[in-house]
Amino acid sequence: MARNKQRDRAATAVPVVETVDGGLAELIPDRERPRGWTLLIDGAPQSHVDLDDPARLTFEYQRRLGHIADLAAPPNRPLQVVHLGGGAFTLARYVAATRPRSTQQIVELDGSLVQLVRRELPLDAGARIRVRSTDARAGLAKVQDGWADLVIADVFSGARTPAHLTSTEFLAEVRRVLRPGGFYAANLADGPPLTHLRGQIATAAVVFPELALTADPTVLRGRRFGNAVLLASDRELPVAELTRRVATDPHPGRVEHGRALADFAGGASPVTDESAKPSPVPPASVFR
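Below, the structure is looked at part by part.

Cut-off values and rules
- Residues numbered from 1 in each chain as written.
- Predicted model: local features only at pLDDT ≥ 70, side-chain atom pairs only at ≥ 80, totals over all residues.
- Heavy atoms only, no water.
- Pairing = 2+ DSSP bridges.
- Helix = DSSP H or I, 4+ residues; strand = E, 2+ residues; numbered from the N terminus.
- Axes fitted to C-alpha atoms, helices over the stretch in contact; angles between N-to-C directions.
- Contact = heavy atoms within 4.5 Å.
- Polar contact = N/O pair within 3.5 Å; in protein donor to acceptor, adjacent residues only side chain to side chain.
- Right-handed = clockwise from strand over helix to strand, strands pointing away.
- Buried < 20%, exposed > 50% of the residue type's maximum accessible area, 1.4 Å probe, protein only.
- Core = buried A, V, L, I, M, F, W, Y, C linked by side-chain atoms within 4.5 Å.
- Arc of directions from axis to C-beta.
- Left-handed = near helix turned anticlockwise from the far one by under 90°.
- Salt bridge = Lys/Arg side-chain N within 4 Å of Asp/Glu carboxyl O.

**Examining the sheet that holds strand 10 (residues 210-215)**
Then, in step 1: As summarised here, the arrangement of the eight strands in space is 7-6-5-8-9-11-10-12, forming an open sheet in which the pairing is mixed. What marks the edges here is a single partner per strand, and that holds for strand 7 (128-132) and strand 12 (254-257). Across the sheet, the axes of successive neighbouring strands diverge by a mean angle of 15°, strand direction being ignored.
Then, in step 2: Relative to strand 8 (residues 148-153), strand 5 (residues 80-84) runs parallel, the two being bridged by four bridges. Within strand 8, the residue paired with Leu84 across the bridge is Ala153.
Then, in step 3: Together, strand 8, strand 9 (178-190), strand 10 and strand 11 (226-233) form the strand contacts of helix 2 (residues 60-71), whose direction differs from that of strand 11 by roughly 15°.
Then, in step 4: Across the sheet, helix 3 (residues 90-98) touches strand 5, strand 6 (103-107), strand 7 and strand 8, and the angle it forms with strand 6 is around 180°.

**Description of the side chain of Thr161**
Then, in step 1: Within the fold, Thr161 resides in the loop between strand 8 and helix 6 (168-177).
Then, in step 2: Within the structure, Thr161 has its side chain in polar contact with the backbone oxygen of Val155 (distance 3.3 Å).

**Focus: the pairing of strand 7**
Walk down a regular strand and you will see the side chains alternate between the two sheet faces.
Then, in step 1: Pairing between strand 6 and strand 7: five bridges, direction parallel. Of the residues in strand 7, the one forming a bridge with Val107 is Arg132.
Then, in step 2: Since strand 6 and strand 7 lie parallel, the crossover through helix 4 (residues 111-120) that links them has a hand, and here it is right-handed.

**A word on unusual backbone geometry**
Most of the time, phi is negative for any residue but glycine, and the peptide bond is trans.
Then, in step 1: For the bond from Pro192 to Pro193, the omega torsion is 10°, close enough to zero to count as cis.
Then, in step 2: In this fold, Pro193 is placed in the loop between strand 9 and helix 7 (195-207).
Then, in step 3: Even without being glycine, Asp42 reaches a positive phi, approximately 50°.
Then, in step 4: Its place among the elements puts Asp42 in the loop between strand 3 (36-41) and strand 4 (44-50).

**Description of the environment of Ala136**
Then, in step 1: Within the secondary structure layout, Ala136 lies in helix 5 (residues 136-141).
Then, in step 2: Under the relative-accessibility criterion, Ala136 is labelled buried at 6%.
Then, in step 3: The spacing of Ala136 and Leu109 is 27 residues in sequence and 6.8 Å in space, taken between C-alpha atoms.
Then, in step 4: If sequence neighbours within four positions are ignored, Ala136 has contacts with Leu84, Val107, Val155 and Leu165.

**Description of the nonpolar core**
Then, in step 1: Counting residues in each nonpolar core, the largest one holds 36 residues, and the members touching the most others are Val82, Leu84, Val151, Val174, Tyr184, Phe208 and Leu213.
Then, in step 2: If you look at the next biggest cluster of nonpolar residues, it comprises 26 residues, including Val95, Leu150, Ile152 and Leu231.

**With respect to helix 10 (residues 258-265)**
Then, in step 1: Residues of helix 10 that are buried: Leu261, Phe264 and Ala265. The buried side chains of helix 10 occupy one side of the element, clustering within an arc of 100° when seen end-on. Pointing more than 90 degrees away from the buried face of helix 10 are the exposed residues Arg259 and Asp263.
Then, in step 2: Against helix 7, strand 10, helix 8 (217-220) and strand 12 lie the buried residues of helix 10.
Then, in step 3: Just downstream of helix 10 lies Gly266, where phi reads positive at about 60°.

**So, the packing of helix 2 against helix 3**
Then, in step 1: It is at 10 Å that the axes of helix 2 and helix 3 come closest, and there the two elements cross at 35°. Crossing handedness for the pair helix 2 and helix 3: right-handed. Counting all contacts with helix 2, which are made through Gln62, Leu65, Gly66, Ala69 and Asp70, the residues of helix 3 involved are Thr90, Leu91, Tyr94 and Val95.

**Quick look at the pattern of salt bridges**
Then, in step 1: For the structure on display, the rule yields 18 salt bridges.
Then, in step 2: Close ionic contact of Arg119 with Glu18 constitutes a salt bridge, the shortest N to O distance being 2.6 Å. Of this pair, Arg119 sits in helix 4 while Glu18 sits in strand 1 (residues 16-20); the two residues are 101 residues apart in sequence, bridging distant segments of the chain.
Then, in step 3: Given the relative accessible area of 25%, Glu18 is considered partly exposed.
Then, in step 4: Where Glu120 meets Arg119, a salt bridge forms, and the shortest distance between an N and an O atom there is 3.0 Å.
Then, in step 5: Residue classification places Glu120 among the partly exposed residues on the basis of a relative accessible area of 31%.
Then, in step 6: Residue classification places Arg119 among the partly exposed positions, given a relative accessible area of 46%.
Then, in step 7: What emerges from the salt-bridge pattern is a single network uniting Asp70, Glu241, Arg244 and Arg245.

Put into structure tokens, the structure is as follows:
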């Protein structure tokens, strides 16, 4: 009976549509979850959030980022996290729910999107989350040296990662902000022939000694466009546990590291500010 009432409440929710700096934002209600919403920008799904259960991650790439947050420190220890790209604040809500007393900074360029999300999907008043409406790299420059346990990059403009967030110079700033042993995790999007993804691996390898990549096997084989999550650190990575978690997801993925990841990169050249380009335009079929 209670579940039926919840579905009835979810069914009465209506989409919220508003023009933001980055295009047309839509908040689409989840018909199965009474306070679940999906954020789309110009028709491209950005994130899903469940206000009743912020520890519930739906999108594949967000689940993988959630696994990395889980492994960034021993259970229950608060984290200091920088989120480059805000979306619906899904990962910040997840960390706040799973690691109480964490301190987090969100850097989101689209100020009108921030206002929309704050109004329609308000943050828990007790969450230690600060939101800055500025460019991701400019916001990162304001974070003090060695402050963060975890930096998450999930920045897309027009469904593409901006060029200035793909270079060795950018990743050097990320490493400056991370404390020793901290994690950097990036949501990357690419399709065949995976030139962008291979270049990002080569770029991260210049700055970080330890790397791992997780994605759907069909994406890694270059058979379709999709997301991959890159993990980097200056310490040994929990590859075995990450592999176990990714393999047991509703949509299982694969983890590559070490020699296999180097072979996957295939001798790609690192990206610098001078040579940087945005990530490729997704095919229209991705969002159908």
